[in-house]
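Here is how the chains run, residue by residue.
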Amino acid sequence: MIDSMIELKNVSYTYPNGRRALDNVSFHAQHGEKVFVAGKTGSGKSTLLRILNGLIPGFYGGKLNGDVRVYGRKPGVKRVFFVSQHPEEQILCDRVIDEITFPLLQRGWSWRDAVSSAEEAAKRCGIEHLLERSTTGLSEGEKQLVVISAAMASDADCIVLDEPFSHLYPDIAGSILKKLLRTDRTVISSEHRLEMAEYFDRTFWLGNSGEMDSRVDSGIEEDLRVDREKVGREESSIVVEAEGLTAGYGEPVVHTSFEIAEGEIYAIVGPNGSGKTTLLKTIAGILKPIEGKIRVRGRVSMAFQYPNYHFSARSVEKEVSPEMLEVFGLTHLSNRHPHTLSGGEAKRVSIAKAFAGDVVLLDEPTAGQDYAFRSRFLRIARKTGKTVVIATHDLKLASMCDGVIELC
């Protein structure tokens, strides 16, 4: 009889560069149990999840100590489907339908059965209209839904998800989560949206033996509202102006007009695929308007959703100014290579680097970030005095900004 448990006993792990990521951690999950993994940015959540399907040490190398058992055997990919926090790293196929069916075909399924399962999973995730689309033309949120669909279509006994909803609109994320948790499979998910923990059977705190503080959410709202009225506005200080703007990749996606004054913080919100990133790229001058005008005064800098696109130096201190390292609390990472950082740490470094500009454009700046950072983010932005435009699915954060550009 096959063991029905996932179990780690006294597990420690050190990456090949010498960074200790886990220290004497024990974790377990019964078959069919739904476990929420919580912890601060850099606490080792992604490392823990990578161990469960054998990416550590099989792919990453390093030194793994302790006992790891996944359904009675050493970890591997046959019974565990891993959903990465960076879907672009995981997608292999050009078409959406091929991406979802690929894991099933690898397992020996017939093409007909694989397509049937893929179509059903895509429908449950609300992306059936994307099945014939190229994966390269999707938004980050749509890519995330493709990978989740592949997980749901698979025959894996356990689905492990690393920040699976960070690029998804809250209503969509909630709907997908409920569908995932209705299955009889084991579901282990890491998330910084702590409010989602209530839907799971159990919460495992990594690096923190305390209980979840339900007051943290209201604390964010209070913190972000404190300084909102401190930024004044004069018509002569407009630094970003869109007039009858239509933008997109050949086909129109965004239609909007707005004005943003110097020192203001604006949020761009809207469902997945509504054009938030497209609008940021248009403001940055990466895309030219299809119609209308966009005027920007000052030096523009941008942090994309995937932070590693921004790094070219061998150390964090060569990527970011000492002032911004201190403001963002990153001085302890100064000597680290940017590509050795956790996803959340890399995100913060890319954001800090973007604050070198006068007009700072940030794509999902709080994705993969713990509440401690999210509660400080607007305060940090205001302290710099920069004009900041963020594309976000964090509606509470958006409500604390000076204005909101809503796309549909």
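For the structure given in this document, a descriptive report is provided here. (Residues numbered from 1 in each chain as written. Predicted model: local features only at pLDDT ≥ 70, side-chain atom pairs only at ≥ 80, totals over all residues. Heavy atoms only, no water.)

Considerations on the overall build of the chain
Item 1. A count of helices and strands for the chain gives 13 helices and 16 strands.
Item 2. Compactness check: the chain gives a C-alpha radius of gyration of 22 Å against a globular reference of 22 Å for 408 residues, within 12% of the reference.
Item 3. Taken over 408 residues, the chain has a buried fraction of 56%.
Item 4. Within the chain, contacts between residues at least 6 apart in sequence are counted, and of these 70% link residues at least 24 apart.
Item 5. When the accessible surface of the chain is totalled, it reaches about 18,100 Å², and 47% of it is carbon and sulfur.
Item 6. Side-chain charges in the chain split into 51 positive and 56 negative, and the spacing between the mean points of these groups amounts to 5 Å. (Helix = DSSP H or I, 4+ residues; strand = E, 2+ residues; numbered from the N terminus. Rg over C-alpha atoms; globule rule 2.2 N^0.38 Å. Buried < 20%, exposed > 50% of the residue type's maximum accessible area, 1.4 Å probe, protein only. Contact = heavy atoms within 4.5 Å. Areas by Shrake-Rupley, 256 points an atom, 1.4 Å probe, with all protein chains shown as cover. Lys, Arg positive; Asp, Glu negative; His and termini not counted. Charge placed at Lys NZ, Arg CZ, Asp CG, Glu CD.)

Thoughts on the pairing of strand E5 (residues 80-83)
Item 1. What you see with E5 is no split at all: Val 80 and Phe 82 on one side and Phe 81 and Val 83 on the other are buried throughout.
Item 2. The sheet contact formed by E5 and strand E6 (residues 158-162) spans 4 bridges and is parallel. Bridging from a neighbouring strand, Phe 81 pairs with Ile 159 of E6. (Pairing = 2+ DSSP bridges.)

Here we look at the sheet that holds E5
Item 1. Pairing within the open sheet is parallel, and its 5 strands lie in the order E5-E6-E7-E3-E8. Edge positions in the sheet fall to E5 and strand E8 (202-205), since each of these pairs with one other strand and no more. Taking the axes of each pair of neighbouring strands and ignoring which way they run, one obtains an average angle of 15° across the sheet.
Item 2. The pairing of strand E3 (residues 34-38) with E8 spans 4 bridges and is parallel. Looking at the pairing, Val 35 lines up with Arg 202 of E8.
Item 3. Lying over the sheet, helix H1 (residues 45-52) contacts E3, E5, E6, strand E7 (186-190) and E8, oriented at roughly 155° with respect to E6. (Axes fitted to C-alpha atoms, helices over the stretch in contact; angles between N-to-C directions.)

Remarks on the environment of Ala 346
Item 1. Take Ala 346: it is sitting in helix H11 (residues 343-354).
Item 2. Residue Ala 346 is classed as buried on the basis of its relative accessible area of 2%.
Item 3. With sequence-adjacent residues up to four places away left out, Ala 346 is seen in contact with Pro 307, Asn 308, Phe 311 and Leu 341.

Re helix H9 (residues 276-284)
Item 1. Of all 9 residues making up H9, 7 are buried, and the element is well covered by its neighbours.
Item 2. The complete set of buried residues in H9 reads Lys 276, Thr 278, Leu 279, Leu 280, Lys 281, Thr 282 and Ile 283.
Item 3. Just downstream of H9 lies Gly 285, where phi reads positive at about 90°.

Brief notes about the packing of helix H4 (residues 96-106) against helix H5 (residues 111-124)
Item 1. At a closest axis distance of 9 Å, the pairing of H4 and H5 adopts a crossing angle of 125°. One element, H4, and the other, H5, form an angle in the oblique class. In the crossing of H4 with H5, the sense of the turn from one axis to the other is right-handed. Between H4, through Ile 97, Asp 98, Ile 100, Thr 101, Leu 104 and Leu 105, and H5, the contact on the second element is made entirely by Trp 111, Ala 114, Val 115, Ser 117, Ala 118 and Ala 122.
Item 2. When its residues are assigned to classes, the contact of H4 with H5 shows 9 nonpolar, 2 polar and 1 charged. (Parallel < 35°, antiparallel > 145°, perpendicular 65-115°, else oblique. Left-handed = near helix turned anticlockwise from the far one by under 90°. Nonpolar A, V, L, I, M, F, W, Y, C, P; charged D, E, K, R; others polar.)

Section: the side chain of Lys 45
Item 1. As for its placement among the helices and strands, Lys 45 is situated in helix H1.
Item 2. Notably, Lys 45 is buried but unbridged: the nearest opposite-charge side chain belongs to Glu 163, and the N-O separation is 5.1 Å.
Item 3. Side-chain polar atoms of Lys 45 contact the backbone oxygen of Gly 39, separated by 3.1 Å.
Item 4. The residues contacting Lys 45, other than those within four sequence positions of it, are Val 37, Ala 38, Gly 39, Lys 40, Glu 163, Ser 190, His 192 and Leu 206. (Salt bridge = Lys/Arg side-chain N within 4 Å of Asp/Glu carboxyl O. Polar contact = N/O pair within 3.5 Å; in protein donor to acceptor, adjacent residues only side chain to side chain.)

Structural notes on the packing of H4 against helix H6 (residues 140-153)
Item 1. It is at 9 Å that the axes of H4 and H6 come closest, and there the two elements cross at 35°. In this structure, the crossing between H4 and H6 has a hand that is right-handed. Of the residues in H6, those in contact with Val 96, Glu 99, Ile 100 and Leu 104 of H4 are Val 146, Ser 149, Ala 150 and Ala 153.
Item 2. For the contact of H4 with H6, a count of residues per class yields 6 nonpolar, 1 polar and 1 charged.

As for the layout of surface pockets
Item 1. The space that makes up the second largest pocket amounts to roughly 590 Å³.
Item 2. Forming the boundary of the second largest pocket are 28 residues, of which Leu 138, Ser 139, Glu 140, Tyr 249 and Thr 277 lie nearest the centre.
Item 3. When contributions to the lining of the second largest pocket are tallied by element, the ones reaching two or more residues are H6 and H9.
Item 4. In terms of residue class, the lining of the second largest pocket is made up of 6 nonpolar, 13 polar and 9 charged. (1 Å grid on protein atoms, 1.4 Å probe; cavity = no way out; pocket = protein on both sides within 12 Å on 5 of 7 lines; lining within 4 Å. Points joined across faces, edges and corners; volume = space filled by probe spheres on them.)

Considering empty space enclosed by the protein
Item 1. Scanning all chains against the criterion turns up 3 cavities of 30 Å³ or more.
Item 2. Size it by volume and the largest cavity reaches roughly 120 Å³.
Item 3. Lining the largest cavity are 14 residues, with Ser 166, Arg 193, Thr 366, Ala 367 and Arg 374 sitting closest to its centre.
Item 4. Of the residues that constitute the lining of the largest cavity, the class distribution is 1 nonpolar, 7 polar and 6 charged.
Item 5. Lining the second largest cavity are Gln 85, His 86, Glu 163, Ser 166, His 167, Gln 305, Pro 307, Gly 343, Gly 344, Lys 347, Ala 367 and Gly 368.
Item 6. Classifying every residue of the lining of the second largest cavity by side-chain character gives 2 nonpolar, 8 polar and 2 charged.

Here we look at the environment of Ala 367
Item 1. Examined against the element boundaries, Ala 367 turns out to sit in the loop between strand E14 (359-363) and helix H12 (371-384).
Item 2. With near-sequence residues (within four places) excluded, Ala 367 lies in contact with Ser 166, His 167 and Lys 347.

Examining the pattern of salt bridges
Opposite charge on two side chains allows them to pair when their charged atoms are near.
Item 1. One pass over the full model with this rule turns up 13 salt bridges.
Item 2. For Asp 67, the salt bridge identified is with Arg 69, shortest N-O distance 3.7 Å.
Item 3. By relative accessible area, which is 35% here, Arg 69 ends up partly exposed.
Item 4. Between Arg 295 and Glu 241 there is a salt bridge, and its shortest N-O distance comes to 3.4 Å. Here Arg 295 is found in strand E12 (residues 291-296), whereas its partner Glu 241 is found in strand E9 (residues 238-249), with 54 residues between them in sequence.
Item 5. We classify Glu 241 as partly exposed; its relative accessible area is 22%.
Item 6. Salt bridges linked by common partners bring Arg 95, Asp 98 and Glu 132 together as one network.

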